[in-house]
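# Notes for the structure review
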Amino acid sequence: VGELKSAKAVYGRRSLDFAFALNNLQAKKRFEFLERLCVFLYAFKAYHHQSDHALADMEDTLKELAAKVQATRGAYERAREQISERKAALLSSSSGDVGDGGESNSGRTSSGVSSSADVSSTTSTTTEPTATTTTTTTATT
């Protein structure tokens, strides 16, 4: 009977030692994980802090670039509108002078290429509306 009591006492101490060791192991794993997480977060913060300073230094350059892009886009849009107007004027002036095969020689130089002076002179003399063959609307010039 005394031997059984001593075995139970040894078992109780060893089970407490084992539970204590498991608790220490789990705590160690948690602390190591949390320490690594903190290191990662500090590195993340430092990276973004450096990036913030770099972007602050580049802010004037970025604003200049954005202004240049907007100016270039505006110039492109104006040029596109001018080309579209010239194309419409050329098509409307050439639709009235259809020769054989649907070709028109109005507004062309001797080489067959349109010149801006020829196009402007033909569009300024036409005052009555003409129907274009490529669209369903009428153009007045």
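Predicted, not measured: the structure shown is a model, and the values here were computed from it.

## Examining the overall build of the chain
Scanning the chain from terminus to terminus reveals 2 helices and 2 strands. Tracing the chain from N to C terminus, the helices and strands come up as α-α-β-β. Across the 141 residues of the chain, 10% fall into the buried class. If you sum the accessible surface of the chain, you get close to 12,200 Å²; carbon and sulfur atoms cover 59% of it.

## Concerning the side chain of serine 92
With respect to the helices, strands and loops of the structure, serine 92 is situated in helix H1 (residues 2–95). A polar contact is formed between the side chain of serine 92 and the backbone oxygen of alanine 89, at a distance of 3.0 Å.

## Topic: the confidence of the model for the chain
The predicted model of the chain averages 77 in pLDDT, with 67% of residues at 70 or higher. Overall, residues 100–141 carries pLDDT values under 50, and its contacts beyond four positions in sequence, including any with other chains, amount to 39 contacts.

## Examining a nonpolar patch on the surface
Together, Phe33, Leu34, Leu37, Phe40, Leu41 and Phe44 make up an exposed nonpolar region whose accessible area comes to about 610 Å². Tracing the sequence through the fold places phenylalanine 33 in helix H1. Judged by relative accessible area, phenylalanine 33 falls into the exposed class, the value being 55%.

## Comments concerning the pattern of salt bridges
The tally for this structure, following the rule as stated, stands at 2 salt bridges. The residue glutamate 59 makes a salt bridge to lysine 63 at a minimum N-O spacing of 3.7 Å. Remark: lysine 63 and glutamate 59 occur in helix H1; sequence separation between them is 4 residues, near one turn of the helix. The shortest N-O distance in the salt bridge between arginine 80 and glutamate 77 comes to 2.6 Å. Linking arginine 80 with glutamate 77, this pair stays in helix H1, spanning 3 residues, or about one helical turn.

## As for H1
Residue pairs three or four apart in sequence face the same way in an α-helix, which turns once every 3.6 residues. For H1, built from 94 residues, the straight-helix expectation of 140 Å at 1.5 Å per residue is missed by more than 12%, its first-to-last C-alpha distance being only 123 Å. The set of residues buried in H1 consists of Ala27, Ala89, Ser92, Ser93, Ser94 and Ser95.

What counts, and at which threshold
Residues numbered from 1 in each chain as written. Predicted model: local features only at pLDDT ≥ 70, side-chain atom pairs only at ≥ 80, totals over all residues. Heavy atoms only, no water. Helix = DSSP H or I, 4+ residues; strand = E, 2+ residues; numbered from the N terminus. Buried < 20%, exposed > 50% of the residue type's maximum accessible area, 1.4 Å probe, protein only. Areas by Shrake-Rupley, 256 points an atom, 1.4 Å probe, with all protein chains shown as cover. Polar contact = N/O pair within 3.5 Å; in protein donor to acceptor, adjacent residues only side chain to side chain. pLDDT = per-residue confidence, 0-100. Contact = heavy atoms within 4.5 Å. Patch = residues over 30% accessible without salt bridge, like charges linked within 9 Å, V, L, I, M, F, W, Y side chains within 5 Å. Salt bridge = Lys/Arg side-chain N within 4 Å of Asp/Glu carboxyl O. Expected span 1.5 Å × (residues − 1).

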